[in-house]
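Results of the structural survey
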Amino acid sequence: MGLTKQYLRYAASAVFGVIGSQKANIAFVTLKGGEKGRYVAVGACEHVFIWDVRKAEKVLILEGKKHEVTYLCPSPDGVHIAVGYEDGGVRIFSLLNGESNISFSGHKSAVSVIRYDALGARLVTGSRDTDVIVWDIINECGLYRLKGHKDAVTQVLFLENKNLLITSSKDSFVKWWDLDTQHCFKTMVGHRSEVWGMVLLNEENRLLTGSADSELRAWDIQYIEECKEVGEPQEKKVRTLMDEEEDEEGLDEEPEERIVSCKKVGSVLREARDRVVSLVTDAKANVLACHGLDATLEIFTVLSEEQVKKKMERKLKKAKKKANSQEEEEDVPKPVVERKLSDEIQKLANIKASSKIRSMDCLMVPNGEMKVALLLQNNTVETYTLKTKEKSPTGTQTSRLTLSGHRTDVRTLAFSSDNIAILSASGETVKVWNRSTLQVIRTMGCEYALCSLFVPGDRQIILGTKSGKIQIFDLASGSLLETTDAHNGALWSMCLSPDQRGIVTGGADKTVKFWDFELIKNQDTGMSKKLTVKHTRTLQLDEDVLCVRYSPDQRLLAVSLLDCTVKIFYTDTLKFFLSLYGHKLPVLCLDISHDSALIATGSADRNVKIWGLDFGDCHRSMFAHDDSVMFLQFVPKTHLFFTAGKDKRIKQWDADKFEHIQTLEGHHREVWCLAVSPNGDHIVSSSHDKSIRLWERTREPIILEEEKEMEREAEYEESLAKGGEPVVPGETKGEAEHAGKKTIETVKAAERIMEAVELYREESKKLEEHREACEAEGKELPPPKMNPILVAFGNISPSRYVLEVMKKVRSSELELSLLVLPFPYVPDLLQLFNGYVQQGLEVELVCRCLFFLLRVNFGQITSNQMLLSAIDELRTNTISKVREIRDVLGFNSAGLQFLQREMESKEDVMFFADATERFIEKRRKRKKRERAVLTIT
């Protein structure tokens, strides 16, 4: 049966207008050995943008899938960047080519913090689900999950020398974890409210924490083992400190079980009274920067031990001089100067940003200059420099990224008549974009815009503002031509007349006004003419006007009112024609089809109603969105229309068949408005997430039955992945658990492994039957027909096919995929593993799978007598093969070290040879110069 009606799919084309999202942080990155401090990475909805702050250009886009970015962390070598997402996933991108080859999935909710270790081999992530997970980047798998916090994790820190981890949370606790044993051995309870940030100072011997007050608390870290090595008096001192702290905190812990001792040594007071948002240090922890919810960044300098000693000597000298001046008094005590925290951490400077700071990062360059990057609340990135060596440094602004986005939400959009230019207007500016390049053509200051349109000819634009004014701008000069007071309240809606000779406006002053275009003589120049609007008629109504639309034949005018009705008037006489009532809440948007036959209305009651314009009858009422319908527009020359809602979705509908065609998902906040291009090939939409998205009509047809089937499958897969977490046998529900998370990918990978094992069983049975038939006949029979899958893989054996399937499972999902496998498949896998090990095929992968299956199914394997021989063979073969591989690795390592030594010795010889040649050349030139002087004299 052929298709009765064909719909074409709209697909996401581009995201622009957003400079940096508010949910993610900002971080300095380096690209291909470029200059430090020149490039910054920011989250932009589901993507990551790399900006060149010097040129104010976007140089790289790290493309995400559909979830919003929540945290960024560059690797220590600067080659990769780890990105955390709203769904709890983590992806690692290469900054060389922008590709992502490693991804982890373990958290149930948004990733709140990411941290690399010093070598860049491990990654620790904290989330709003209160868990902390340590990942192995080299092996691309999760090591373990640490559970203990009762609220979202806010910061994590590695102590590299001791293999310890410090985590802070909104539950007001700071926890210390021993990564060797994966348990929490200390909980600090000295905070009264949420702990929002932590940094390590003085070579990891001091911890500074920021909370919900103006106090930065400092804690001295003492390692018990080091104190024991110093001697008995120090050990007694530490035990006394520990006993005192234990009495204060009320923790029932034995001193012998404690690895470190933390004692509060003071606090640093901030100027701001609100909570700490970011607490950051440079790489060497010489400079400390923090900020709250306001626009001020406070910078402190951390003095070195030598600087502190010099300062204390100067203080002692002043105290002695003061004591000597008091000679008349007798028995003057010897002056003593006490060392305070304020002597070690001093206020350096304040930087005042242009708006509230959302996130920041700092970087020290070799000349002692500090570079600061700020991500602001109003979709702006600013960079500053600070000369830390000066006595009273001041922050100098070096760049400001503002051109590529609006400061506030875009509330109105419009397409030019040639489909090339896009108009977007917000609370402070109106911008015109080139649709193909997505570059800003014009930026002009305006009042708070609510509606807009291009004047015929596309040389001027008209805005309706919240204060009730009409503003006309000239695109060629980028100037404001005229401002007209149109309404006493907000001008909510504006519509161009079909004859293109004027406009109609509706406002909150309960009036609809008609305006004609006019060209008048420009009084400034006296020569050229400028465009203006002339008020011709006024329609007075009983309620506030929310939306007005002409019918394309200009016969009727539709007006939606605050009383939830839509009234239709004749355009020529302004006489009442129809009243459309049925919505329970006000109609926020409406549009009329190209043939003036249908009118569609969208309301705050989440419904869309389709009416006939001949009798005003309601053809169909459809539940469209999960929240208010904010915008509605017909595709030109069709009865298809698009709606935008506060539920973050854009939907396409058929007004003839009353069917939902497709849903465009991508926005992460409420969608305020959209615009359809005059040819219907493009849609542009804007949202509260500051982004403007472009959608393009493709040539791919949509079959509604298939779309509904795909939606049902997606819902089923989502429910399957959300179904209970798998329990690992032998794993206790303590502080450390398995790191992975059950996802639809792990379930599909397990199904592929089971299918491969089933195929292996069938093919093995065929080969066995063929062998028995050959023995019975006493001659060689033709081999059985091979499975098409094995033929597609290059005529490989069934056992090799199972190995190929397991190799294609992502490393981070392998263990959870094996966990889903039923036990009847395990004996076949053990026999296959034995063959792989004997042949030396993927020994590392096989050993990893083998050990996990043995740990998970230990009870069933040991109770099965049939598997004892296979296990015994595996034990022998695995140990011997692993020894061989280890010997090869050791030999290769020794060879590489030998080559390294040879190269270093050659470089030294060349260095001395070059130095000798330069010395001889220098001496030769000097002698030549001396001979020339003697000749002259």
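These remarks concern the structure in this document. Keep in mind it's a predicted model, so treat the numbers as computed, not measured. (Residues numbered from 1 in each chain as written. Predicted model: local features only at pLDDT ≥ 70, side-chain atom pairs only at ≥ 80, totals over all residues. Heavy atoms only, no water.)

Focus: helix 9 (residues 826–839)
Inclusion rule: Labels follow the DSSP assignment, with helices taken as runs of H or I lasting at least four residues and strands as runs of E lasting at least two, numbered in each case from the N terminus. A helix's residues, less one, multiplied by 1.5 Å, set its expected span. Exposure categories follow from relative accessible area, calculated using a 1.4 Å probe and restricted to protein chains: below 20% of the type maximum is buried, above 50% is exposed, and the middle band is partly exposed.
In a regular helix each residue adds 1.5 Å, so 14 residues correspond to 20 Å; helix 9 covers 20 Å between its end C-alpha atoms and thus fits that length. Summarising burial for helix 9: 10 of the 14 residues are buried, a large majority. Every buried residue of helix 9 is listed here: Val826, Pro827, Asp828, Leu829, Leu830, Leu832, Phe833, Asn834, Tyr836 and Val837. Trailing helix 9 by a residue or two, Gly840 shows a phi angle of about 75 degrees, which is positive.

A few points about the pattern of salt bridges
Quick note on the threshold: Salt bridge, as used here: a side-chain nitrogen of Lys or Arg that lies within 4 Å of a carboxyl oxygen of Asp or Glu.
Taken as a whole and assessed by the stated rule, the structure comprises 39 salt bridges. Residue Arg54 pairs with Glu35 through a salt bridge whose shortest N-O separation is 2.3 Å. Of the two residues, Arg54 is situated in the loop between strand 4 (47–52) and strand 5 (57–62) and Glu35 in the loop between strand 2 (26–29) and strand 3 (39–44); the sequence distance between them amounts to 19 residues. Look at Arg54 and you get exposed, because its relative accessible area is 53%. Note on Glu35: relative accessible area 35%, which makes it partly exposed. A salt bridge links Asp553 to Arg555; the nearest nitrogen and oxygen atoms lie 4.0 Å apart.

Regarding the pairing of strand 4
Defined as follows: Each pair of strands is called paired provided DSSP finds at least two bridges between the two strands.
Most of strand 4 is tucked away: 6 of the 6 residues are buried. Here strand 4 shows a buried face lined by His47, Phe49 and Trp51 and a second buried face lined by Val48, Ile50 and Asp52. Pairing analysis gives 6 bridges linking strand 3 to strand 4, with the strands arranged antiparallel. Within strand 4, the residue paired with Ala44 across the bridge is His47. In this structure, the hairpin formed by strand 3 and strand 4 is closed by a connection of 2 residues, where Cys45 is found at a positive phi of approximately 60 degrees. Judged from the 5 bridges that link them, strand 4 and strand 5 form a sheet pairing that is antiparallel. What sits directly across from Trp51, in strand 5, is Lys58.

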